[in-house]
Amino acid sequence: QLQLVESGGGLVQPGGSLRLSCAASGFIFSNYNINWSRQGPGKEREMVATISRTGISTNYADSVKGRFTISRDNAKNTVYLQMNSLKPEDTAVYYCNAAIRADNGEWGSYWGQGTQVTISS
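Residues numbered from 1 in each chain as written. Predicted model: local features only at pLDDT ≥ 70, side-chain atom pairs only at ≥ 80, totals over all residues. Heavy atoms only, no water.

Caption draft 1: Fine view of the overall build of the protein. Along the protein, the regular secondary structure elements total zero helices and eleven strands. Sequence-ordered secondary structure for the protein, helices as α and strands as β, is β-β-β-β-β-β-β-β-β-β-β. Relative to a compact globule of 121 residues, whose C-alpha radius of gyration would be 14 Å, the protein shows 14 Å and is just as compact. For the protein, the spread of C-alpha atoms along the three principal axes comes to 45 × 30 × 25 Å. (Helix = DSSP H or I, 4+ residues; strand = E, 2+ residues; numbered from the N terminus. Rg over C-alpha atoms; globule rule 2.2 N^0.38 Å.)

Caption draft 2: Highlighting the sheet that holds strand S8 (residues 78-83). Spatially, the four strands line up as an open sheet ordered S1-S3-S8-S7, and their pairing is antiparallel. Sheet topology places strand S1 (3-7) and strand S7 (68-73) at the edges, where each strand pairs with a single neighbour. In this sheet, adjacent strand axes meet at a mean angle of 15 degrees when their direction is disregarded. Taken together, the five bridges between S1 and strand S3 (residues 18-25) define a ladder with antiparallel strand orientation. Its bridge partner being in S3, Leu4 is matched across the sheet by Ala24. (Pairing = 2+ DSSP bridges. Axes fitted to C-alpha atoms, helices over the stretch in contact; angles between N-to-C directions.)

Caption draft 3: View of the state of the cysteines. This structure, assessed with the given rule, holds one disulfide. Two residues share a disulfide in this structure: Cys22 and Cys96, whose sulfurs sit 1.9 Å from each other. An S-S torsion of about 55 degrees defines the bridge between Cys22 and Cys96 as right-handed. With Cys22 in strand S3 and Cys96 in strand S9 (residues 92-101), this residue pair connects regions lying 74 residues apart in the sequence. Of the two residues, Cys22 and Cys96, neither departs from the other in class, the shared state being buried. (Disulfide = S-S within 2.5 Å. Buried < 20%, exposed > 50% of the residue type's maximum accessible area, 1.4 Å probe, protein only.)

Caption draft 4: How the structure looks around the packing of aromatic side chains. Evaluation of the coordinates by the stated rule reveals four aromatic pairs. Taking 6.3 Å as the distance between ring centres and 50 degrees as the angle between the ring planes, the aromatic pair formed by Phe27 and Phe29 counts as tilted. Residue Phe29 is classed as buried on the basis of its relative accessible area of 2%. On the numbers, 5.9 Å between centres and 75 degrees between planes, the contact of Tyr32 with Trp107 is edge-to-face. Of the two residues, Tyr32 sits in the loop between S3 and strand S4 (34-39) while Trp107 sits in strand S10 (residues 107-111), which places them 75 residues apart along the sequence. An aromatic cluster is built from Phe27, Phe29, Tyr32 and Trp107, whose rings are joined through pairwise contacts. Over the aromatic face of Tyr95 sits the side chain of Arg45, whose NZ or CZ is 4.2 Å from the ring centroid. Looking at Arg45, its charged tip hangs above the ring of Trp111, at a distance of 4.4 Å from the centre. (Phe/Tyr/Trp six-rings, centres within 6.5 Å; stacked < 30°, edge-to-face > 60°. Lys NZ or Arg CZ within 6 Å of the ring centre and 35° of its normal.)

The following block contains the structure:
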């Protein structure tokens, strides 16, 4: 069964750090780009970071550039999001997601259940 499972969220003070993890199973992880997206209260969902299959190429939303770092460990089927210098506006549910070709050959967009990140003093 294809799964993406996020963890690592929590409550931190402004200026603090968190590292999110996304554990993948049920597909050949190293074949796919993986994204981190977020949805804050009253906001539309936005993609914040993406990483290529090998991890060589990454891209970030302007709002997180220089503060967030996406990485992956293909041996562990896991992608990470290191978040530093956190701001209250980073408060959101964070999701990992990917476009994956399932065993039946059809492409689909797969999402984890999300992990809550709250930045507050």
